[in-house]
Amino acid sequence: MHPYIGVTGFMHRSEVKKTLAALNAIEQTNGGVKRKLMIGVLACAPGISRKPNHWLQRHPNEHDISDLFFPDRRVLNILHYHADDADSLAERLKYLTNAVGPHLDGIQLNMTWPPPSRVYAYGKPITLELGKHALGACNHHPQEICSRLQAYKNDIARVLVDMSAGHGIPLSVPYMMRLLVPIAERFPNLGIGVAGGLSLELLDQIEPLIKAIPHLSIDAEGALRDAADHLDLERVQRYLERAYTLFC
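Below, the structure is looked at part by part. Owing to the predicted nature of the structure, the values given are computational and were not obtained by experimental measurement. (Residues numbered from 1 in each chain as written. Predicted model: local features only at pLDDT ≥ 70, side-chain atom pairs only at ≥ 80, totals over all residues. Heavy atoms only, no water.)

1. Some words on the layout of surface pockets
And step 1. The space that makes up the second largest pocket amounts to roughly 210 Å³.
And step 2. Around the second largest pocket, the lining residues are L149, Q150, K153, N154, I156, A157, F187, P188, N189 and L190.
And step 3. Here the lining of the second largest pocket is composed, by residue class, of six nonpolar, three polar and one charged. (1 Å grid on protein atoms, 1.4 Å probe; cavity = no way out; pocket = protein on both sides within 12 Å on 5 of 7 lines; lining within 4 Å. Points joined across faces, edges and corners; volume = space filled by probe spheres on them. Nonpolar A, V, L, I, M, F, W, Y, C, P; charged D, E, K, R; others polar.)

Spelled out as structure tokens, the structure:
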């Protein structure tokens, strides 16, 4: 699986265009880029979209998602899907895979240990988010997490460990080291990613993780937004510039 540097929470086509322009400048400065840029777009189960306090500035209309995914060899277009339960997961994944359009490169499931029998994205690679509830269900124990992951066999291509859930809460490097190194050793072909408060200011702190897991992917969301919860493209550009320097 291609490791990536990710930004999640795009709402408008213009935001993606400006981010790709920033990638162009980084590519020219560095003489190329060795990591894919993950363009993350959020989607949720229909019922969740009607709940109070839903992040309206992060979830585009499903009919607009296809406009946010550009055909670009340097990009991974990933749909981040959140649901409270898996009752209709198979049907929703089939619908979203068809509705999002031809440039979809994969789906991330932001769910707590969905039933392995329902995790299938019709040919698209799946990333399984391991959030605080999923990790808590395993007592934050690497061996228990590995046992759960084993049940998915080859149906997931990546895992993303994220205790922040879009709130911009900084990750703990020692905690991530304790969890991720055993997972990477147990599943050498599994993509491994982290998220949690990542921005220009926090990136240097994750260098030990990069050295321990050279194929590490990263994703940023909450810490790249302004006070009105809009994607701050200046913060995005600074984050990408530093991230591509770290992963050169």
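2. Concerning helix α1 (residues 13-30)
And step 1. In this model α1 runs 26 Å from its N-terminal to its C-terminal C-alpha over 18 residues, within 8% of the 26 Å that 1.5 Å per residue would give.
And step 2. Of the surrounding secondary structure, the elements contacted by the buried residues of α1 are β2 (36-44), β3 (75-82) and α8 (233-246).
And step 3. Just beyond α1, the residue with positive phi is G31, at close to 70°. (Helix = DSSP H or I, 4+ residues; strand = E, 2+ residues; numbered from the N terminus. Expected span 1.5 Å × (residues − 1). Contact = heavy atoms within 4.5 Å.)

3. Thoughts on the state of the cysteines
And step 1. Taken as a whole, this structure holds zero disulfides when the rule is applied.
And step 2. Here C138 stays unpaired: no disulfide links it, and the sulfur of C146, its closest cysteine neighbor, is 9.5 Å away.
And step 3. You can call C138 buried: its relative accessible area is 1%. (Disulfide = S-S within 2.5 Å. Buried < 20%, exposed > 50% of the residue type's maximum accessible area, 1.4 Å probe, protein only.)

4. Thoughts on the pairing of strand β5 (residues 126-130)
And step 1. Among the five residues in β5, five count as buried, and that is most of the element.
And step 2. Side chains I126, L128 and L130 of β5 all project onto a buried face; the interleaved residues T127 and E129 project onto the opposite face, where all are buried too.
And step 3. Alignment of strand β4 (residues 106-110) against β5, held across three bridges, turns out to be parallel. When the bridges of β5 are listed, Q108 appears paired with T127.
And step 4. The sheet contact formed by β5 and strand β6 (residues 158-162) spans four bridges and is parallel. When the bridges of β6 are listed, E129 appears paired with L160. (Pairing = 2+ DSSP bridges.)

5. Digging into the packing of aromatic side chains
And step 1. One pass over the full model with this rule turns up one aromatic pair.
And step 2. A ring pair is formed by W113 and Y152, whose centres lie 6.3 Å apart and whose planes are at 25°; its orientation type is stacked. On the criterion of sequence distance, the pair formed by W113 in the loop between β4 and β5 and Y152 in the loop between α4 (142-150) and β6 is long-range, its members being 39 residues apart. Comparing W113 with Y152 shows no difference in burial state: the two are buried. (Phe/Tyr/Trp six-rings, centres within 6.5 Å; stacked < 30°, edge-to-face > 60°.)

6. Regarding the packing of α4 against helix α5 (residues 173-186)
And step 1. In the contact formed by α4 and α5, the axes pass within 9 Å of each other and the chain directions differ by 40°. Judged by the angle between their axes, α4 and α5 are oblique. For the pair α4 and α5, the sense of crossing is right-handed. Each of P142, Q143, I145, C146, S147, L149 and Q150 in α4 lies in contact with α5, whose residues at this interface are R178, L179, P182, I183 and R186.
And step 2. For the contact of α4 with α5, the class distribution of residues is seven nonpolar, three polar and two charged. (Axes fitted to C-alpha atoms, helices over the stretch in contact; angles between N-to-C directions. Parallel < 35°, antiparallel > 145°, perpendicular 65-115°, else oblique. Left-handed = near helix turned anticlockwise from the far one by under 90°.)

7. A word on the nonpolar core
And step 1. Core analysis: the biggest nonpolar cluster contains 76 residues, and L109, L149, I218 and Y239 have the highest contact counts within it.
And step 2. Among the elements that take part in this core, α5 stands out by supplying seven residues, more than any other.
And step 3. Within the second largest apolar cluster, six residues are counted, among which are Y4, M38, I78 and L160. (Core = buried A, V, L, I, M, F, W, Y, C linked by side-chain atoms within 4.5 Å.)

8. Looking at the sheet that holds strand β1 (residues 4-8)
And step 1. Strand order around the closed barrel formed by eight strands is β1-β2-β3-β4-β5-β6-β7-β8, with parallel pairing between neighbours. The sheet shows a mean angle of 25° between the axes of neighbouring strands, taken without regard to direction.
And step 2. Where β1 and strand β8 (residues 217-220) come together, three bridges link them in parallel fashion. Within the sheet, the bridge partner assigned to G6 lies in β8 and is D219.
And step 3. Along the sheet face, helix α2 (residues 89-100) touches β2, β3 and β4 and points at about 145° away from the line of β3.

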